[in-house]
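Examining the three-dimensional arrangement
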Amino acid sequence: MEAMDLTAEQLEEIEHQRSCSSATRRVTSPGIEELIYTPLPILDQGFIRVVDYMGNDGSIVQAARVSYGTGTRKTRNDEALIRFLMRHQHTTPFEMCEIKLHVKLPLFVARQWIRHRTASVNEYSARYSKLDNEFYIPSPEHLAAQSTSNRQGREQITLSGDEAAEVLGILKTDSTRNYANYEYMLDTEGKQGLARELARMNLPANVYTQWYWKIDLHNLFHFIKLRNDSHAQYEIQAYARCMNDITRAWVPAAWKAFDDYVSNAASLSAAAIKLLNRKLLGEQVTFENSGLTKREWIELLMIFEL
Ligand SMILES: Cc1cc2nc3c(=O)[nH]c(=O)nc-3n(C[C@H](O)[C@H](O)[C@H](O)COP(=O)(O)OP(=O)(O)OC[C@H]3O[C@@H](n4cnc5c(N)ncnc54)[C@H](O)[C@@H]3O)c2cc1C
């Protein structure tokens, strides 16, 4: 299968789901109804599909007020309440909304993703079924060089010329060869065939896996905060960016509050606040008289883009 090339049967199933609708007394979210079931492409062959959700912005307000209905207050008041809850980390009302996603992702991304323990996960079983011949191969513009300053990261510059071609060649050849050997070991024609649960160990970490992943809104925001961030690896960032967009469509007021108070906010240490106070009072503040470590000083300057 090519990038996002789902089989005709899979596409038909999705189309069928999207063509059905049922009356409900439960609250819905128009933004997410627009995109439900549709696979949103990520990387070369991955995707995220919303398969279900519970609640909307009103559900957060309803839980915070412990009210009997959707309430009669104005939207403006509801938004102000949501912003207050977010600002003061009164988090439980956000846990009242839930979302269930179907995700297709490379194994090495799944390893980082699974560290987020507050979700319910059910993964495709490579003990039970044979894995598809699908491997993540980075596009040339994402074939980044190893960072020299950050052991855990990559440089802005990418590999080029012969080196890029050679690396891409290695990734493709190894994926193809390992998959061929995987199939060979499973083969039962005239042989016993190795168990699927063992044969899979021959597959590299760029093989694609799939899972259903269900999480509440509070913990989803936490995931997005950590992974839709320049410190996270590009490949998981791509998924987190998509989840950020999904969340904006689902709960626009809560997302706006999150964007203001969490995503684009920064926390300041007591020492940093003291230092800013001195600066506001007109004192000449330098690194030498700041009392901060070099790293703290640089990070503080970066917050204010100085
Ligand atoms: C840029 C980046 C680099 C990273 N590098 C590494 C690395 O080099 N090595 C590595 O091993 N990991 C690494 N991680 C993973 C990181 O340490 C966390 O495991 C991951 O981000 C999940 O965060 P979390 O525990 O807050 O999330 P979740 O598991 O979703 O938990 C959410 C919150 O629930 C609470 N919680 C959950 N479980 C417990 C518990 N058992 N006890 C107490 N509180 C709990 C905590 O408040 C936690 O913040 C990295 C993460 C990022 C974003």
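Residues numbered from 1 in each chain as written. Predicted model: local features only at pLDDT ≥ 70, side-chain atom pairs only at ≥ 80, totals over all residues. Heavy atoms only, no water.

1. Some words on the pairing of strand 2 (residues 46-54)
Judged by how many residues are buried, strand 2 sits mostly within the fold: seven of nine residues are covered. Here seven bridges tie strand 2 to strand 3 (residues 98-106), and the two strands are oriented antiparallel to one another. What sits directly across from Met54, in strand 3, is Glu98. (Buried < 20%, exposed > 50% of the residue type's maximum accessible area, 1.4 Å probe, protein only. Helix = DSSP H or I, 4+ residues; strand = E, 2+ residues; numbered from the N terminus. Pairing = 2+ DSSP bridges.)

2. Quick look at helix 8 (residues 217-227)
Buried within helix 8 we find Leu217, Asn219, Leu220, Phe221, Phe223, Ile224 and Arg227. The distance from a side-chain oxygen at the start of helix 8 to the backbone nitrogen of His218 is 3.1 Å, and the residue carrying that oxygen is Asp216. (Polar contact = N/O pair within 3.5 Å; in protein donor to acceptor, adjacent residues only side chain to side chain.)

3. Points about the packing of helix 4 (residues 75-87) against helix 10 (residues 252-263)
Across the interface, helix 4 lies against helix 10 with an axial gap of 9 Å and an inter-helix angle of 40°. In terms of their interaxial angle, helix 4 and helix 10 are classed as oblique. Here helix 4 runs over helix 10; the crossing is right-handed. Contacts between helix 4 and helix 10 involve Glu79, Ile82, Arg83, Met86 and Arg87 from the first element and Ala253, Ala254, Lys256, Ala257, Phe258, Asp260, Tyr261 and Val262 from the second. In the contact of helix 4 with helix 10, the residues fall into eight nonpolar, no polar and five charged. (Axes fitted to C-alpha atoms, helices over the stretch in contact; angles between N-to-C directions. Parallel < 35°, antiparallel > 145°, perpendicular 65-115°, else oblique. Left-handed = near helix turned anticlockwise from the far one by under 90°. Contact = heavy atoms within 4.5 Å. Nonpolar A, V, L, I, M, F, W, Y, C, P; charged D, E, K, R; others polar.)

4. Some details on the site of the ligand
Every residue lining the ligand is accounted for by Arg115, His116, Arg117, Thr118, Gln152, Asn219, His222, Leu226, Arg227 and His231. Contact between the ligand and Arg115: an oxygen atom at 2.7 Å from a side-chain N or O atom of the residue. Here an oxygen atom of the ligand sits 2.9 Å away from a polar atom, N or O, in the side chain of Thr118. Residue classes in the shell around the ligand are distributed as one nonpolar, six polar and three charged. (Near = heavy atom within 4 Å.)

5. A look at the environment of Val167
The topology assignment puts Val167 in helix 6 (residues 161-186). Here Val167 falls in the partly exposed class, since its relative accessible area comes to 25%. Each C-alpha atom of the pair Val167 and Gln89 lies 46 Å from the other, and the pair is 78 residues apart in sequence. Excluding residues that lie within four positions of it along the chain, Val167 makes contacts with Leu143 and Leu159.

6. As for the pattern of salt bridges
By the definition in use, this model includes eleven salt bridges. With a closest N to O distance of 2.9 Å, Asp260 and Arg83 form a salt bridge. In this pair, Asp260 is assigned in helix 10 and Arg83 in helix 4, connecting sequence segments 177 residues apart. The class for Arg83 is partly exposed, based on a relative accessible area of 25%. (Salt bridge = Lys/Arg side-chain N within 4 Å of Asp/Glu carboxyl O.)

7. Regarding the nonpolar core
Where a protein is soluble and globular, its nonpolar side chains tend to be buried together. Among the nonpolar cores identified, the biggest contains 52 residues, and Ile48, Ile99, Trp113, Trp213 and Leu217 are the most heavily contacted of them. In terms of residue count, helix 9 (residues 234-250) provides more of this core than any other element does, eight residues in total. Apart from the residues within four sequence positions on either side, Trp113 is in contact with Ile48, Val103, Leu105, Trp211, Trp213, Phe223, Ile236, Tyr239 and Met243. Ranked by size, the runner-up nonpolar core spans nine residues in total, among them Ala126, Tyr182, Leu203 and Val207. (Core = buried A, V, L, I, M, F, W, Y, C linked by side-chain atoms within 4.5 Å.)

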